[in-house]
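What follows is each chain in one-letter form.
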Amino acid sequence: MHGELAYLEKQAADGTQPSMQDVMWSLMFGTSDARLRAAREVRKLTKTSSKSRAYLAAAGVIMPLVAMLKSSCEESKEAAVLALLNLAVGNERNKLRIVKAGAIGPLVELLQSENLFLKESAAAAIYTLSAASVNKPLLGASGAISLLVDMVKSGSLQGKVDAVMALYNLSTYPDNLTPILAAGAVGPLLALLKGCKKSSKVAEKTTSLLKSLVAFEEGKSALGKEEGGILALVEVLEDGSLRSRENAVGTLLLLCESNRCRYRQAILQEGAIPGLLELTVQGSPRAQQEAHSLLRLLRDSSPRSSRGTSPSAMLESIVYDIASHMDGEEQGTETARKILTEMVQLSMEQNMRNLQKRAILYLPSDLSHSSCLTEVSSK
């Protein structure tokens, strides 16, 4: 401990900040003003230094900071929550220490604060703490979930992002999915998905949450009732990241498998076919498989076994069936021919890119070196 504090004492060598011993003393025994200044100093020291996070936590700053969360002074609460947030970032042990020190209850109270900054700072802290597996069931049982869903619904942009990230972390503990669903998360999540960039991390987490919730009948029903809900997922098929597109096609497949008659027409009307066809070529292995499965469900005739039928023939049959249903037999044939031509071109381009990557990977070392020399000399 003395060695750790000695390391931190070096931070105060220029005389512009208090010593670590002063910080610790102020947090534990100082006046309200002294504790406030000390908490702000902890926040500053832990903003970018992983060593400071470890050493200050080991020195005992967490317990007095958690106590400050219960203060009647909003400035003290703000300084404490931001210091705890910095202490938790990138430090699994500190995440557990903060929860063990009793932080969850006060943080949930802050989520109900009328002070927007305090409320959203608490959401950011809960997001960080929820990354630790041990904390997920405790946070799920704390009452935080419904408050986080409210923030997704009506918070600032940053508040919505932190709240949805926290909900995603909590959703990876299966017992938390039912309370997330019961809190009415589907509507706010879809609203966030409609407004965010479809290739963003937010879209990835949102679509993952929706896929998990749609595994429940109540989740399917909630998504089906939301105006523009299926369209939002179709837009992800077209413009999302690989992970988001995989989540979106999985969600649509769950809907269509549960009630083909109810969801098939809605998915077709929102224009899902181009995105699904592209996924059969460019998606992850799982996305390709699920895109094929969904296309089979979307065809005009009842789904049939594909035994003895090549994947390409099956895909061609599906495209003709769907296009004929949507555009009429004559126009549908032309539409299907155009779609298949585009798909062949897309597949050829993808294969060419893969060949180029393999060629570079297996290029002889002497030839590769020569090529590099040529590039350098030409600059």
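Structural data are supplied above this passage.
The residue count restarts for each chain, going from 1 along the sequence in the order it is written. Per-residue local features are limited, in this predicted model, to residues with pLDDT of at least 70; the limit for side-chain atom pairs, both in listing and counting, is 80 or more; totals at the level of whole chains, interfaces and linings are taken over all residues. Working from all heavy atoms in the structure, the side-chain values ignore hydrogens and water.

## Examining the side chain of E204
Okay, so step 1: Secondary structure elements follow DSSP: runs of H or I no shorter than four residues count as helices, runs of E no shorter than two count as strands, and numbering proceeds from the N terminus. When you line up the elements, E204 lands in helix α15 (residues 201-214).
Okay, so step 2: The class for E204 is buried, based on a relative accessible area of 14%.
Okay, so step 3: Should any heavy atoms of two residues lie within 4.5 Å, those residues are counted as being in contact. Here E204 is in contact with S241, R243, S244 and N247, once residues within four sequence places are set aside. Only protein chains enter the area calculation, which uses a 1.4 Å probe; residues under 20% of their type maximum are buried, those over 50% are exposed, and those in between are partly exposed.

## Regarding helix α14 (residues 186-195)
Okay, so step 1: Burial within α14 is extensive, with 7 of its 10 residues counted as buried.
Okay, so step 2: Those residues of α14 not exposed but buried are V186, G187, P188, L189, L190, L192 and L193.
Okay, so step 3: On its buried face, α14 sits against α11 (144-154), α12 (157-171), α13 (177-182), α15, α16 (217-225) and α17 (229-239).

## Examining the environment of A163
Okay, so step 1: Its location among the elements puts A163 in helix α12.
Okay, so step 2: Its relative accessible area of 0% is what places A163 among the buried residues.
Okay, so step 3: For A163 and A122, which are 41 residues apart along the polypeptide, the C-alpha to C-alpha distance reads 9.8 Å.
Okay, so step 4: For A163, the contacting residues outside a window of four places in its chain are L148, M151 and V152.

## Comments concerning the pattern of salt bridges
Okay, so step 1: Any carboxyl oxygen of Asp or Glu within 4 Å of a side-chain nitrogen of Lys or Arg constitutes a salt bridge here. Evaluated as defined, the whole model comprises 6 salt bridges.
Okay, so step 2: A salt bridge links E75 to R40; its shortest N-O distance comes to 3.2 Å. Separated by 35 residues along the polypeptide, E75 in helix α6 (residues 74-88) and R40 in helix α3 (residues 32-46) bring together distant segments of the chain.
Okay, so step 3: With a closest N to O distance of 3.8 Å, K44 and E41 form a salt bridge. With K44 and E41 both in helix α3 and 3 residues apart, this pair spans about one turn of that helix.

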